Amino acid sequence: QVQLVESGGGLVQPGGSLRLSCAASGSISSINVMGWYRQAPGKERELVADITSTRSTNYADSVKGRFTISRDNAKNTVYLQMNSLKPEDTAVYYCKYRGRWLEDYWGKGTLVTVSS
């Protein structure tokens, strides 16, 4: 089992920045992918960005150049630095862990609201 705890969401004005964190604990595999997904009201959950244990990254087109995903393997923590936020970035952001046997675990989510 893997437990994920997200933090860092909140209310921010358009153009502002936020940094999300997700700490993983439990049976962590040395080979894994951790990522951030988001779900806006009335929409399906979508990938924002993910990063492998070797730090290979993947981003949704809508966030390229604005968001940066990173990780600290010693702390089993993944971060999402979000800059130049737009109202359309408003969503619940979920952390996901995928282990070497493709088992998935999800965090409970953290709300990001971009509004003036």
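Preceding block: the structure.
Below or above, wherever it landed, is the structure these notes cover. Just so it is clear, the model here is predicted, and its values are computed rather than measured. (Residues numbered from 1 in each chain as written. Predicted model: local features only at pLDDT ≥ 70, side-chain atom pairs only at ≥ 80, totals over all residues. Heavy atoms only, no water.)

## What to know about the packing of aromatic side chains
Reasoning step 1: Under the counting rule described, the total for this entry stands at two aromatic pairs.
Reasoning step 2: Here Tyr37 and Trp106 contribute two aromatic rings whose centre-to-centre distance is 5.0 Å and whose plane-to-plane angle is 70°, an arrangement assigned as edge-to-face. One end of the pair, Tyr37, is in strand β4 (residues 33-39); the other, Trp106, is in strand β10 (residues 104-106), with 69 residues separating them in the sequence.
Reasoning step 3: By relative accessible area, which is 16% here, Tyr37 ends up buried.
Reasoning step 4: For Trp106, a relative accessible area of 37% corresponds to the partly exposed category.
Reasoning step 5: Taking 6.2 Å as the distance between ring centres and 50° as the angle between the ring planes, the aromatic pair formed by Tyr97 and Tyr105 counts as tilted.
Reasoning step 6: Judged by its relative accessible area of 0%, Tyr97 falls in the buried class.
Reasoning step 7: In this structure, Arg19 packs its charged tip against the face of Tyr79, placed 4.1 Å from the ring centre.
Reasoning step 8: Positioned over the ring face of Trp101 is Arg100, at 5.3 Å from the centre of the ring. (Phe/Tyr/Trp six-rings, centres within 6.5 Å; stacked < 30°, edge-to-face > 60°. Helix = DSSP H or I, 4+ residues; strand = E, 2+ residues; numbered from the N terminus. Buried < 20%, exposed > 50% of the residue type's maximum accessible area, 1.4 Å probe, protein only. Lys NZ or Arg CZ within 6 Å of the ring centre and 35° of its normal.)

## So, the nonpolar core
Reasoning step 1: Residues Leu4, Trp36, Leu80, Met82 and Tyr93 are the most contacted members of the largest nonpolar core, which totals 28 residues.
Reasoning step 2: When contributions to this core are tallied by element, the ones reaching two or more residues are β1 (2-7), β3 (18-26), β4, β5 (46-52), β7 (67-72), β8 (77-82), β9 (91-98) and β11 (110-114).
Reasoning step 3: Excluding residues within four positions of it along the chain, Leu80 makes contact with Leu18, Arg19, Leu20, Trp36, Val48, Ala49, Phe67, Thr68, Ile69 and Tyr93. (Core = buried A, V, L, I, M, F, W, Y, C linked by side-chain atoms within 4.5 Å. Contact = heavy atoms within 4.5 Å.)

## Points about unusual backbone geometry
Reasoning step 1: Unusually for a residue other than glycine, Arg55 sits at a positive phi of about 70°.
Reasoning step 2: When you line up the elements, Arg55 lands in the loop between β5 and β6 (57-59).
Reasoning step 3: With a relative accessible area of 47%, Arg55 lands in the partly exposed category.
Reasoning step 4: A positive phi is found at Leu102, a non-glycine position, where the angle reads about 65°.
Reasoning step 5: One can find Leu102 in the loop between β9 and β10.
Reasoning step 6: On the basis of relative accessible area, Leu102 is assigned to the exposed category, the value being 59%.

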